[in-house]
Amino acid sequence: MFDQTIRPRRLRASDNLRRLVRETRISPESLIWPVFVIEGEGIYEEIPSLPGQYHYSPDQLGRMVERAHAHGVSRVILFGLPAHKDERGSSAWDENGVVQQGIRKIKALAPEMYIVTDVCMCEYTSHGHCGILCGHDVDNDKTLEVLAKTAVSHVRAGADMVAPSDMMDGRVAAIRRALDENGFVHVPILSYAAKYASSFYGPFREAAGSAPAFGDRRSYQMDPHNGREAMRECALDVAEGADILMIKPAMPYLDLVCRCRQRFDLPVAAYQVSGEYAMIKAAAKAGLIDEYGVMCESAVSIYRAGADILITYYAPELADAIRKGDIG
């Protein structure tokens, strides 16, 4: 016979009670929505690999702002698709580059919107790798110079935060130094601290036009087998001046979200990447799952693991779910 006084089910008896005793609390303010800005005019096109997500030319970003406002989303991270690519990715730091145009347009339409920018070279280089090449290898230290220039150009255009995703050694320190030297000591760095060489990025590479022309990114992105190494990467970024640490992808690496949360006092972000989103969409379209329920449950799992911030393509829908009380 079990002890009649111990009945955990008492706290599951009603919806009001279940909401009262939830251990994981989620707010729409913790959501960041990825947005793809493409060079040109009059472009508003759904991305085939990411149903419900769009390419916006700068003049069409009002559509994104309206949708964000309608759902209560006030934070975005911008990715750029330039018209011109070269070996060095020079359009990345052009003052009139596509992301810089996008920042200024959003700030003109919605000054209160908080803009994070992805800082990497893969969308801007003709070879699709995340840095400057020396032969067929990415030159770490030469890449630091262009990453720093890119970050400064984003902030000059009005970005509120920069997020280096390249996985070069020392890039947080290089960007912090460049920002400080240019008077941007107040601008935080969200570091892609542990970014894995993941198969879950496939839809993003189509959406951002950033697939490498040869080889792969395993010499700079992390081996999925390694967890302790992720904590070393996080510790290095903390020492270099990162303000927020990110684990990417999210759900396949929840153990590392948890370990990062337990070890470091900085805010922890997780990126529910394109493949995670696309799989839910595809399974729902095939009638195999309840999309809304899986969307909610997957987000809760990421927060429960320890994330304070979630970057997700489902940000508008999740903000609605939180307000309805279905999660959060």
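Going by the structure above, here's the rest.
What counts and how
- Residues numbered from 1 in each chain as written.
- Predicted model: local features only at pLDDT ≥ 70, side-chain atom pairs only at ≥ 80, totals over all residues.
- Heavy atoms only, no water.
- Phe/Tyr/Trp six-rings, centres within 6.5 Å; stacked < 30°, edge-to-face > 60°.
- Helix = DSSP H or I, 4+ residues; strand = E, 2+ residues; numbered from the N terminus.
- Buried < 20%, exposed > 50% of the residue type's maximum accessible area, 1.4 Å probe, protein only.
- Lys NZ or Arg CZ within 6 Å of the ring centre and 35° of its normal.
- Contact = heavy atoms within 4.5 Å.
- Axes fitted to C-alpha atoms, helices over the stretch in contact; angles between N-to-C directions.
- Parallel < 35°, antiparallel > 145°, perpendicular 65-115°, else oblique.
- Left-handed = near helix turned anticlockwise from the far one by under 90°.
- Nonpolar A, V, L, I, M, F, W, Y, C, P; charged D, E, K, R; others polar.

(A) How the structure looks around the packing of aromatic side chains. In total, this model carries 9 aromatic pairs according to the counting rule given. An angle of 10° between the planes, with centres 4.5 Å apart, marks the rings of Y44 and Y54 as stacked. With a gap of 10 residues between them, Y44 in strand β2 (residues 44-47) and Y54 in strand β3 (residues 50-56) connect regions that are remote in the sequence. When its relative accessible area of 32% is taken as the criterion, Y44 is described as partly exposed. Through a chain of ring-to-ring contacts, the aromatic side chains of F36, F79, Y271, Y277, Y313 and Y314 assemble into a single cluster. The lysine or arginine in question, K248, covers the ring of Y271, its NZ or CZ lying 4.6 Å from the ring centre.

(B) Region of the structure containing helix α5 (residues 171-181). When α5 is considered as a whole, its buried residues turn out to be R171, V172, A174, I175, R176, A178 and L179. On its buried face, α5 sits against β5 (114-119), α4 (140-157), β8 (161-164), β9 (190-195) and α7 (228-240). Among the residues trailing α5, G183 stands out with phi positive, at a value near 85°.

(C) Spotlight on the packing of helix α2 (residues 61-71) against helix α3 (residues 98-109). Closest axis-to-axis distance for the α2/α3 pair is 10 Å, and the angle between their directions is 50°. By the angle between their directions, the pair α2 and α3 is classed as oblique. Handedness of the crossing formed by α2 with α3: right-handed. Every residue of α3 that contacts α2 at L61, G62, M64 and V65 is listed here: G102, K105, I106 and L109. A class-by-class count of the residues in the contact of α2 with α3 yields 5 nonpolar, 2 polar and 1 charged.

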